[in-house]
Structure formats: C-alpha cells, structure tokens
Amino acid sequence: ATTPCNNRGTCLSTGACLCLPNFQGDAECRTCTPGKTGDDCTINEEPPVAQTTHTWQFYGQGHVKTLGGDLFDYAYVSSNPVYITRVQGAMNIAVIGVFVQCKYLRNFACVESIEVVIGPNSETVLRFGVPGTICAALGEFEYQGTCTQTAALVVSHGFSVSKKSDFEYQIRGPDSQQLSITTGFFSMDLSHVVSTDYCNRATGMMQSCDADTPLVPPVQPYSGQHVSCIAFGGGHVLSVDKVPYSISAPRCVYTFAAITASDGSAAANVQVRYGACDVGQCIQDVSVKLPGIETVELSGDSTARVGGLEVTKFPHQLLNNHQLIQTARGVTLSA
C-alpha cells in the first residue's frame, strides 16, 4: 500500500499493522483509540456523566411526573392518605399525601396536605398543608405535633427544614435529597430530588427507577349511585340496608358480600376471616374473588397478595379496571 497503516503505525512482515497508541480504534489505524478524539486523536474524550439524581413532581391540577419520567394526570379517587413515595432501609423516609378534588378540574386530584415521616421508627413527623388543614395560618407547618413558623430547623437523621417564604419550604437530607413544598390556598406543589440509590429502592405512587416498573395511572372511580356495607371494630357490621349487628360466634370465615351481575353471573365475592382480639372478634384478612382475576387477599398486616403472590410495587394494575393502591392505612382495592 502507498500509505501503509495510514501513516499511523508500522506495517509488520505479517501484513498486520502495529498502530500508534492514539490510533488503535481498528486494525488499519484509521480511527482513534477509544477515549481519544480529534483530527490527530490527541484529545481525551470526556467520559459520559452518569445521572446521579432523579426528580418526581406533583403540581398544578393533578399533574404528575414520576421518578422514571412518566407523565400523567392523577384522577381523584378518595381522600384516604396515600404513599406518594417511600423508602425503607438506610434512609427511611416516606411522603404521605391527602388529596382533594382540584378546584378547577374536579375529576383530578390535588395535594391538600402531606406528612413527611423520617427514621426507621418514625422518629420525626413533619406535616404541611393548605391553611386550615394542618395549621391555621399560611406559612406554618407542624413539627412533632406542634405548629411552628420556624425559619430553619435541624431534625433527625441528617434532615433539615428551611423556610424560603410563607409559600415555600425545603426539606434537605443526606444522599442528595431535597423536597420542595409550595403551598397555596387550595392545593400544594411538590418536587423531590433523590439519589439513584433512593430511586432504585422507592415504592409508592411515584414508582422507582426500575426499568421493569410499568406506568400504572390510577383508575377512574365509579361516580354513580351506590350503597355501602361496613365492618369495623370488634365484630361490628352495618349492612347495606343500615341494619347493625355484631359477630361474636367463633366461626372463622364469613361471606361478607356476594354480588351477582345483571345476567345472573357472579360479579364479586368478598369473604372475611375473623379472629379473637382484645375487643371480641376482629377481621384478620379479606379475600376478594372477581371474574377473570386471581383471588385478591388483603391482610391485617397491610400486605396484599394476588393469586397467592405478594404485591411489592404499588399501584398494582389488575384486569377490568381494578387496581391495588397503597395508602397510609394499608392497601385499598379500587375499581
């Protein structure tokens, strides 16, 4: 060849090229060695910067951005507290939200108040909300059960709270955490910056950075006429026709509700298992059988199983617009 090894190396007797150090990208010395760039391959390439932080947001009229970057509008389901995000382990922090119907888009949910729980034994509890929900005045928040307007506060496990204005607080913590809380008169905006480690281990509405975690927007709740039957306390029951009675016999499992569809087929069957408690007979777990869905079991220890397998990521989508939602009080089956 007229230009052996492209003038960037030595041609050996075997015909192979011994390329110069900066031109070892291919056998003919035509391209730069990996990590080098430029016309003469003398410029060091900057290594790709790994993303070290991730952000979830809840803002405006029910707008959500998850840790994985998915976007959706959160439909109003109920005012029951819901784990917005939660990590157990070294960081032990949970953000629990209470939602209301948005003022301008009534089908969607806005944040009315939040509870931030820090520590493996919930040593620190901070609560923020629109005026009149947690504390009376704008700019106040609750720390360990007492309302305060403290501008700077150091709490447990390396976390601190700082007041930016009457409308905004920031909670900072170890491992790059920063939770920004903006409060209005009707709803709140939230933005939480977390580390990759947090992101990979997170559960709750904002999901995690696990690529296998599917986007599960909440189901639209049924808004038509309905009746309720309630079981509570030590064996107390209020039937759909408002008749109260009590469970006192030692029998273990009761069919709480058997629902038939308009065509005569079984639409749902709810069974409850009772056990002895301090006040009599209390519900230990609930079993729900629905057409086309494996048996759903909700236990008193706030765990849920579907088809005998424990559910570990929430919200958990089921067939026919059914969904399991994790709340601060346990797990709710929504349809």
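You'll find the structure just up there.
Residues numbered from 1 in each chain as written. Predicted model: local features only at pLDDT ≥ 70, side-chain atom pairs only at ≥ 80, totals over all residues. Heavy atoms only, no water.

Novice: In this structure, what is going on with the packing of aromatic side chains? I would like to understand it.
Specialist: Each aromatic ring pair is summarised here by two numbers: the centre-to-centre distance and the angle between the ring planes. Throughout the structure, instances matching the rule amount to seven aromatic pairs. Ring geometry for Phe-128 against Phe-141: centres 5.1 Å apart, planes inclined by 15 degrees, an arrangement best described as stacked. Of this pair, Phe-128 sits in strand β11 (residues 124-129) while Phe-141 is found in strand β12 (residues 141-143), placing the two residues 13 residues apart along the sequence. Residue Phe-128 is classed as buried on the basis of its relative accessible area, which comes to 2%. One aromatic cluster is present, built from ring pairs that chain together Phe-58, Tyr-74 and Phe-99. Residue placement shows Arg-86 over the ring face of Tyr-83; its charged tip is 4.4 Å from the ring centre. We note Lys-103 situated over the ring of Phe-186; from NZ or CZ to the ring centre the distance is 4.4 Å. (Phe/Tyr/Trp six-rings, centres within 6.5 Å; stacked < 30°, edge-to-face > 60°. Helix = DSSP H or I, 4+ residues; strand = E, 2+ residues; numbered from the N terminus. Buried < 20%, exposed > 50% of the residue type's maximum accessible area, 1.4 Å probe, protein only. Lys NZ or Arg CZ within 6 Å of the ring centre and 35° of its normal.)

Novice: Please clarify how the environment of Leu-190 should be interpreted in this entry.
Specialist: Mapping Leu-190 onto the fold places it in strand β18 (residues 188-195). The class of Leu-190 is buried, set by a relative accessible area of 2%. A C-alpha to C-alpha distance of 9.6 Å links Leu-190 and Val-64, two positions 126 residues apart in sequence. When neighbours within four sequence positions are excluded, Leu-190 is seen to be in contact with Trp-56, Gln-57, Phe-58, Ile-84, Val-111, Ile-114, Ser-180 and Ile-181. (Contact = heavy atoms within 4.5 Å.)

Novice: Can you walk me through the state of the cysteines in this structure?
Specialist: The term disulfide refers to a covalent linkage connecting the sulfur atoms of a pair of cysteines. Within the structure shown, the criterion is met by six disulfides. Here Cys-5 pairs with Cys-17 through a disulfide, and the sulfurs are 2.1 Å apart. Here the disulfide of Cys-5 and Cys-17 is left-handed, its torsion about the S-S bond being about -100 degrees. Of the two residues, Cys-5 sits in the segment before β1 (9-11) while Cys-17 sits in strand β2 (residues 17-19), which places them twelve residues apart along the sequence. A relative accessible area of 6% means that Cys-5 is categorised as buried. Sulfur-sulfur distance for the disulfide between Cys-19 and Cys-29 comes to 2.0 Å. Between Cys-19 and Cys-29, the S-S torsion sits near -90 degrees, and that sign places the bridge as left-handed. Highlighted residues: Cys-19 in strand β2 and Cys-29 in the loop between β2 and β3 (36-37), separated in sequence by ten residues. For Cys-19, a relative accessible area of 13% gives the class buried. A disulfide-free cysteine, Cys-11 has its sulfur positioned 4.8 Å from the sulfur of Cys-5, the nearest such atom. With a relative accessible area of 44%, Cys-11 lands in the partly exposed category. (Disulfide = S-S within 2.5 Å.)

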